[in-house]
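This is what each chain is made of:
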Amino acid sequence: MEIYFDNAATTQPLPEVIEAMRPYELDAYGNPSSIYAIGRKTRKIIDEARDRVSESLGVKANEITFCSSATESICTSLIGAALKIEKSKHRFVTTTIEHKAVLKAAHWLEEHLGWDITLITPEPSGHVNPQKFVDACLNDCGLASLQLVNNEIGTIQPVEEIASRLKDTDVVFHSDIVQGIGKIALKVVDAGVDILSASAHKFYGPKSIGFTYIRDGKADIAPVIVGGSQELDRRAGTENAGLIIGLATALDIVVRGQPSLEEKLKEMEAKFIDELDKSAVEYELNGSLPRVPGLMSIFFTGVESESLLLHADRAQVYISAGSACSAGAVKPSYVITAIGHEKRRGLCSIRISLGRHNTMEDIEEGAKRIIKIISKLRGST
Ligand code: PLP
C-alpha cells in the first residue's frame, strides 16, 4: 500500500475538480479575448470562475487575477508593487523563513532595483514576533511580506495582527497563504492584508494555476508579464479556462470543508504522535503551537533525513526532507537553522504533511513503517 505523506508539496486533485474541468478542456477552446461566440463562451466561464473565487474568499471579483502558480503570483506581486513605490520607501521587510520565491524576489529587488532588505529572524518557536515585524516596517519601508503558514514546520504566523496594525500605514503588506488555504480559517482579508498569493495544487486543484488577490485601493501593481490586456491588464497571456474552473471548484470545496478537515488533520496528527510515543523512537518536533494541523517537522537524532527518505520511498511511504523545492540538495533546512537549531538538526529532520485523502489506517501503517526504518538505521534491531 502506497502512503502519501507529502501534502505540503502537492495534493491529489479531487475527483470533483477533474470532473468540473473535463468539459471545458474539450469545449471551451475559444480564446477568451476573441469577440465571436466561441471566445465569448470561454470568457463567460472565466468570469463565472472569478466570481466563485471571490465569493469563496469574501472579496470583490475585480480583486482576483489568475496566473500560473504561487511562485508567479509572489514574484510579480512583489516586483510589481515595488515598481510603484516611491524611492524614499525602497525598503522591503520579510523574514528568514519565507519560501524561496519570496526570498529570491527580495534578492532580485536588492540586486536590480537597489532596494534595502530587512530580514526578520523568527523566535525559536518558529513564530515571528509581531512587534519586531511592525517596528521594522516604520519609516522608509514601502513593502512587507509574511507567510501565513510555514511550509516546512507548519507554524502559523501572526499575519492578521500585523495586517491590522499596518492597515493605516503606507506599507503594502503581502502574504503567501499557500499552506493555509483549506487548513485554517482565512481571516487575513478582513484583517487588511493588501495582496495574497496562492497555488491550486496545494488545495486539491490542478497544477500550474494560481491566483493573486489585490485589495482595491492601497496596493498599486505594475504589470510584470506584459503583452495583451488579459487579467484586468495585470497579467498578459491567454487564460486556460479548464485550469481556472479547476481552481475555483477546489477552492469552493476546501473553504466549505475547512472546519471538518482541520478536525480530521488534528485527529490524524494526534494518532501519528501517539504511535511515535508508543514506540521507543526518540524524536522532537520543530516549531511550537500554533501550528497548522497535520504538518509536522520531526527531528530524529542520528538519522539523516536523506537516508530516511530513501528507505521510506522503498517502503512506499512518501515524505519530504524539507520544502519540496529544495528537496534533493543535501543542505540543512534553512528554516530549522533559522529558528536557532544546529545544522545537524537541519539535516536530521523530516516533514510529514497529511491531507484529506489520508485515513487512520495510513497513519497507523505509515508510522509503523517509519519507526521500523528509524530503528534499523539506528542499528537498534
Ligand atoms: N509558498 C509556499 C509556502 C509553498 O509551500 C510553495 C510551494 O512549495 C510556494 C510558495 C510555491 O508554490 P508553487 O510551486 O505552486 O508556485
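Preceding this paragraph is the structure being described.
Attention in this report is confined to the structure presented alongside it. Along each chain, numbering runs from 1 in the same order as the chain's sequence is written. In keeping with the model being predicted, local features are shown solely for residues with a pLDDT of at least 70 and side-chain atom pairs are shown and tallied solely at 80 or more, while totals for entire chains, interfaces and linings include all residues. The side-chain quantities take in all heavy atoms of the structure and omit both hydrogens and water.

One bridge is not enough; two strands pair if DSSP finds at least two bridges between them. In DSSP terms, a helix is any run of H or I states spanning at least four residues, a strand is any run of E spanning at least two, and both are numbered starting from the N terminus. A sheet is described by the order of its strands in space; here 3 strands give the open sequence β9-β10-β12, paired in antiparallel fashion. The sheet is open, and its two edges are formed by β9 (284-286) and β12 (349-353), each paired on a single side. Between one strand axis and the next, the sheet turns by 40° as a mean value, whatever way the strands run. Sheet analysis places β9 next to strand β10 (residues 295-299), joined by 3 bridges and oriented antiparallel. Each axis is a line fitted through C-alpha atoms, and for a helix only the stretch in contact is used; angles between axes span 0 to 180 degrees, taken between their N-to-C directions.

Mapped onto the fold, Ser54 is located in helix α2 (residues 37-57). Each polar contact in these results corresponds to two N or O atoms within 3.5 Å; when the atoms are within protein, one needs to be able to donate a hydrogen and the other to accept it, and residues that are neighboring in sequence are counted only if both atoms are side-chain atoms. There is a polar contact of 2.8 Å between the side chain of Ser54 and the backbone oxygen of Asp51. Here Ser54 is in contact with Val59, Lys60, Ala61 and Ile64, once residues within four sequence places are set aside. Whether two residues are in contact is decided by their heavy atoms, any of which lying within 4.5 Å being enough.

We now examine the sheet that holds strand β5 (residues 143-145). One open sheet holds the 7 strands; their spatial order is β2-β8-β7-β6-β5-β3-β4, and the pairing between them is mixed. Strand pairing shows two members of the sheet lacking a second neighbour, β2 (64-67) and β4 (116-120), which therefore form its edges. Within the sheet, the average angular offset between the axes of one strand and its neighbour, ignoring direction, is 20°. Where β5 and strand β6 (residues 172-176) come together, 3 bridges link them in parallel fashion. Paired with Ala144 across the two strands is Phe173, which belongs to β6. Lying over the sheet, helix α3 (residues 70-82) contacts β2, β3 (91-95), β5, β6, β7 (195-199) and β8 (210-214), oriented at roughly 160° with respect to β7.

As a structural note, the neighbourhood of the ligand is formed by Ser69, Ala70, Thr71, Ile74, His99, Asn151, Asp176, Val178, Gln179, Ser199, His201 and Lys202. Between the ligand and the protein, one listed contact pairs an oxygen atom with a backbone N or O atom of Ala70 at 3.3 Å. One of the side-chain N or O atoms of Thr71 is found 2.6 Å from an oxygen atom in the ligand. Here the Shrake-Rupley method, with its probe set to 1.4 Å, supplies the accessible areas, and only the displayed protein chains count as covering residues. Taking 400 Å² as the accessible area of the ligand by itself, protein coverage stands at 92%. A per-element tally of the shell around the ligand places α3 first, with 3 residues. Of the residues contributing to the shell around the ligand, the split by class is 3 nonpolar, 7 polar and 2 charged. Nearness is judged by heavy atoms alone; a residue qualifies as near a molecule or strand once a single heavy atom is within 4 Å of it. Residue polarity is assigned by list, with Asp, Glu, Lys and Arg as charged and Ala, Val, Leu, Ile, Met, Phe, Trp, Tyr, Cys and Pro as nonpolar; anything else, Gly included, falls into the polar class.

In a regular helix each residue adds 1.5 Å, so 16 residues correspond to 22 Å; helix α9 (residues 241-256) covers 23 Å between its end C-alpha atoms and thus fits that length. Exposure classes here rest on a 1.4 Å probe applied to the protein chains alone. A residue is buried below 20% of its type maximum, exposed above 50%, and partly exposed in between. A large share of α9 lies buried, amounting to 13 of its 16 residues. Where α9 starts, the residue carrying a side-chain oxygen 3.0 Å from the main-chain nitrogen of Gly242 turns out to be Asn240. The span you would expect from a helix comes to 1.5 Å times its residue count less one.

Now for empty space enclosed by the protein. Of the two site types, the cavity is a set of points on a 1 Å grid over the protein atoms alone where a 1.4 Å probe fits but cannot get out, and the pocket is an open set with protein on both sides within 12 Å along at least five of seven lines, each lined by residues with an atom within 4 Å of a point. Grid points are joined across faces, edges and corners, and a volume is the space filled by probe spheres set on the points. Counted according to the given criterion, the structure contains 4 cavities of 30 Å³ or more. By volume, the largest cavity is sized at about 120 Å³. Lining the largest cavity are 15 residues, with Thr65, Thr76, Thr212, Arg234 and Arg235 sitting closest to its centre. Taken together, the elements giving at least two residues each to the lining of the largest cavity come down to β2, α3 and β8. Element by element, the count of residues in the lining of the largest cavity is highest for α3, at 4 residues. Looking at the lining of the largest cavity, its residues break down into 7 nonpolar, 5 polar and 3 charged. Estimates place the volume of the second largest cavity at around 70 Å³. The wall of the second largest cavity is formed by Asn7, Thr11, Ile181, Gly182, Lys183, Lys202, Tyr204, Val254, Leu261, Leu265, Leu354 and Gly355. Of the residues assigned to the lining of the second largest cavity, the class counts are 6 nonpolar, 4 polar and 2 charged.

Now for the nonpolar core. Among buried residues, those of type Ala, Val, Leu, Ile, Met, Phe, Trp, Tyr and Cys that are joined through side-chain atoms within 4.5 Å constitute a nonpolar core. Membership of the largest hydrophobic core comes to 87 residues, with the highest contact counts inside it found for Phe5, Phe133, Phe173, Phe211, Phe272, Ile319 and Ile352. The greatest single-element share of this core, amounting to 10 residues, is contributed by α9. Ignoring anything within four residues of it in the chain, the contact list for Phe173 reads Phe133, Ala144, Ser145, Leu146, Val159, Ile162, Ala163, Leu166, Val193, Asp194 and Ile195. Counting 19 residues, the second largest nonpolar core, distinct from the first, contains Ala105, Ala106, Leu109 and Ile214.

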